[in-house]
Amino acid sequence: MSRFSQPQDSVFSALNASIGFDWRLGPYDIEQSRAHAKMLAATGIISDGDRDALLGGLDRVAAELDAGEFPFRDDDEDIHMAVERRLTEIVGAVGGKLHTARSRNDQVATDVAMFTRAHALATIQSLQDLQSTVLGVAEAHLDWAMPGYTHLQRAQPVYLSHHLLAYFWMFRRDERRFESVLGSTTELPLGAGALAGVNFATDRGLVARELGFASVVPNSIDAVSNRDFVLDFLAAAATCATHLSRLGAEIVLWSSEEFGFCEVSDAWASGSSIMPQKKNPDAAELLRAKAPRVVSRLAALHGVMHGLPLTYNKDLQEDKEGLFDVVDTLDLCLAAARGMLSGITFRRDRLADAASDQMIAATDVADLLVRRGVPFRQSHGIVAGIVREAVASGRSLAELSREELARHSPVLDDEYYSVLSQRSWLESKVSEGGTALDRVREQLAHARAELDGQPA
Ligand code: ARG
């Protein structure tokens, strides 16, 4: 019997069905159903014999899903109904007992929470792998000088290791964000029923333990309405993709002939269909471009959720495709970032050449005056005058004579010239977190210890 007198319009079915994408929840749906069946028997809601029949049937359904042999039907609306339909075909009418004390509303929230947790864990692992790669590349380029930039203008020299380590810390924070996503998936929605609880004395704690949840959602209304864990995953992913995008953007710039700082390996580059000389850093470009896609999935789900009345609304079905796409996109990008970085070659000569631009030692000259007692604001003006004179006469800073310097400031002596001798500008950045080699070594050790402190 059905409540409806007309068959479903095929266009409505196409709009309404989620099986085209939520088949990915299959393994979680099965695991959840196993736990639910065990609980139903443990509480005397079904018999042990019914439980065994259900568990046996679920094993077969799981095997079919696993092998890609599950006989999907055109009228399967979603994975939950497909599994129950197939289970009933296999075990007979007892299959219909599985949905006792359960609604698709608490079922889908549970599947999605389990999926989110599993993929947050996998992302944490990928982020650790990437951090380890970044750390390795930083260690291998410990004392390679390069210009640091602000406004994409050469600003102050840094070591390449120091620049790369900035990404280490970004990915480290991303990892923390995904750890907090785990924290938002620790409460079990199942047992809430459609919205108000169920007419049976179930044992939600038993199901929670069985499925690895720390506790149960305390409010049945919240349990079926909540998708915060998806928002949290998407938010963490959006920030992470944004970090990857900045990395990609720098590799693109640095691979250009204009910079010439690095070259991606052939395995991570493509050629041009018309220009034989081209070697394009496509992977870096795509890392750069994927972030807005990920961010848009977050914005879209906020759009779905905002103003949505409690409790379950079909709108919530829109949580899945965005989540799945972000999981796949981020997974691919993290692996690509890792692969691309592992094979990258930096060009020491080009980096050093750019870093030997004396203009980027201007702050160091200003600080020399400060050490001679000149207030910083005043010394900034004095050095600006020196820079202007050098630029106007087409000379480097060190090419100005003692006499010329004296006109700018009486306290400038020969130390002016030693400040301008290369390494000193880098090695002068001795503050904690700065680019002086000892500080970078300290930072590397800190990073290594943090990474090794991870549970494997
Ligand atoms: N396919 C649905 C979703 O993804 C499952 C829940 C359907 N619940 C309902 N009452 N129609 O959200």
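This text follows the structure it describes.
Here we summarise the structure given alongside this text. (Residues numbered from 1 in each chain as written. Predicted model: local features only at pLDDT ≥ 70, side-chain atom pairs only at ≥ 80, totals over all residues. Heavy atoms only, no water.)

## Section: the environment of Leu130
Move 1: Among the structural elements, Leu130 can be located in helix α6 (residues 104-140).
Move 2: Sequence-wise, Leu130 and His36 are 94 residues apart; in three dimensions their C-alpha atoms are separated by 38 Å.
Move 3: Sequence-distant contacts of Leu130, defined by excluding residues within four places in its chain, comprise Phe171, Leu244, Leu334, Ala337, Arg338 and Leu341. (Helix = DSSP H or I, 4+ residues; strand = E, 2+ residues; numbered from the N terminus. Contact = heavy atoms within 4.5 Å.)

## Concerning a nonpolar patch on the surface
Move 1: A grouping of Leu195, Ile221 and Leu310 is seen on the molecular surface, where their side chains present a nonpolar patch of about 280 Å² in accessible area.
Move 2: In this fold, Leu195 is placed in the loop between β3 (187-188) and α8 (204-211).
Move 3: Exposure remark for Leu195: the relative accessible area of 37% places this residue in the partly exposed category. (Patch = residues over 30% accessible without salt bridge, like charges linked within 9 Å, V, L, I, M, F, W, Y side chains within 5 Å. Areas by Shrake-Rupley, 256 points an atom, 1.4 Å probe, with all protein chains shown as cover. Salt bridge = Lys/Arg side-chain N within 4 Å of Asp/Glu carboxyl O. Buried < 20%, exposed > 50% of the residue type's maximum accessible area, 1.4 Å probe, protein only.)

## So, the site of the ligand
Move 1: Lining the immediate environment of the ligand, one finds Ser18, Asp22, Asp78, His80, Arg104, Asn105, Val108, Tyr312, Gln317 and Lys320.
Move 2: At 3.0 Å from a nitrogen atom of the ligand is found a side-chain nitrogen or oxygen belonging to Asn105.
Move 3: In this structure, Tyr312 approaches the ligand through a side-chain N or O atom, which is 2.5 Å from an oxygen atom.
Move 4: It is α6 that provides the largest number of residues to the shell around the ligand, a total of three residues.
Move 5: A class-by-class count of the residues in the shell around the ligand yields two nonpolar, four polar and four charged. (Near = heavy atom within 4 Å. Polar contact = N/O pair within 3.5 Å; in protein donor to acceptor, adjacent residues only side chain to side chain. Nonpolar A, V, L, I, M, F, W, Y, C, P; charged D, E, K, R; others polar.)

## So, helix α5 (residues 79-91)
An α-helical turn contains 3.6 residues, so any two residues separated by three or four positions project in the same direction.
Move 1: Between its first and last C-alpha, α5 extends 18 Å over 13 residues, near the 18 Å set by a 1.5 Å rise per residue.
Move 2: The set of residues buried in α5 consists of Ile79, His80, Ala82, Val83, Arg85, Arg86, Leu87 and Ile90.
Move 3: The N-capping residue of α5, defined by a side-chain oxygen 3.2 Å from the backbone nitrogen of His80, is Asp78.
Move 4: Positive phi shows up at Gly92, right after α5, with a value of about 85 degrees. (Expected span 1.5 Å × (residues − 1).)

## Some details on helix α19 (residues 437-452)
Move 1: Between its first and last C-alpha atoms α19 spans 22 Å; for 16 residues at 1.5 Å apiece the expected length is 22 Å, and the two agree.
Move 2: Listed in full, the buried residues belonging to α19 are Leu437, Val440, Gln443, Leu444, Ala447 and Leu451. Buried residues of α19 fall within an arc of 115 degrees about the axis and therefore sit on the same side. For α19, the exposed residues set more than 90 degrees away from the buried face come down to Asp438, Ala449 and Asp452.
Move 3: Elements that come into contact with the buried residues of α19 comprise α6, β2 (153-159), α7 (160-183) and α18 (424-427). (Arc of directions from axis to C-beta.)

## A closer look at unusual backbone geometry
Move 1: The omega torsion across Leu310 and Thr311 is 5 degrees, close enough to zero to call that bond cis.
Move 2: Non-glycine residue Ala101 carries a positive phi angle of around 60 degrees.
Move 3: Within the secondary structure layout, Ala101 lies in the loop between α5 and α6.
Move 4: Its relative accessible area of 9% is what places Ala101 among the buried residues.
Move 5: Notably, Leu152 is not glycine yet its phi reads approximately 55 degrees, a positive angle.
Move 6: Here Leu152 lies in the loop between β1 (145-150) and β2.

## So, the packing of α6 against helix α10 (residues 228-255)
Move 1: Contact geometry for α6 and α10: axes closest at 10 Å, N-to-C directions at 25 degrees. Between α6 and α10, the interaxial angle falls into the category roughly parallel. Two packed elements cross with a definite hand, and for α6 against α10 that hand is left-handed. Side by side, α6 and α10 meet where Ala109, Val112, Ala113, Thr116, His119, Ala120, Thr123, Leu127 and Leu130 of the first sit next to Phe229, Val230, Phe233, Cys240 and Leu244 of the second.
Move 2: For the contact of α6 with α10, a count of residues per class yields 11 nonpolar, three polar and no charged. (Axes fitted to C-alpha atoms, helices over the stretch in contact; angles between N-to-C directions. Parallel < 35°, antiparallel > 145°, perpendicular 65-115°, else oblique. Left-handed = near helix turned anticlockwise from the far one by under 90°.)

## Focus on the pattern of salt bridges
Move 1: This structure, assessed with the given rule, holds 40 salt bridges.
Move 2: Taking the shortest distance from any N to any O, the salt bridge between Glu89 and Arg85 comes out at 3.0 Å. With Glu89 and Arg85 both in helix α5, this residue pair falls four residues apart, about one helical turn.
Move 3: The shortest N-O distance in the salt bridge between Arg293 and Asp325 comes to 2.6 Å. Of this pair, Arg293 sits in helix α11 (residues 282-305) while Asp325 sits in helix α12 (residues 319-342), placing them 32 residues apart in sequence.
Move 4: Connected via shared salt-bridge partners are Glu64, Arg73, Asp75, Asp76, Arg85, Arg86 and Glu89.

## What to know about the pairing of β2
Move 1: As paired elements, β1 and β2 share six bridges and run antiparallel to each other. From the neighbouring strand, Thr150 faces β2, where its bridge partner is Gln153.
Move 2: The turn linking β1 back onto β2 is made up of two residues, and His151 within it adopts a positive phi angle of 55 degrees. (Pairing = 2+ DSSP bridges.)

## Regarding the side chain of Arg85
Move 1: The exposure class of Arg85 is buried, given its relative accessible area of 15%.
Move 2: Only 3.0 Å separates the side chain of Arg85 from the backbone oxygen of Pro71, close enough to count as a polar contact.
Move 3: Setting aside residues no more than four positions away along its own chain, Arg85 makes contact with Phe70, Pro71, Phe72, Arg73 and Asp76.

Distances and angles like these do not, on their own, reveal function.
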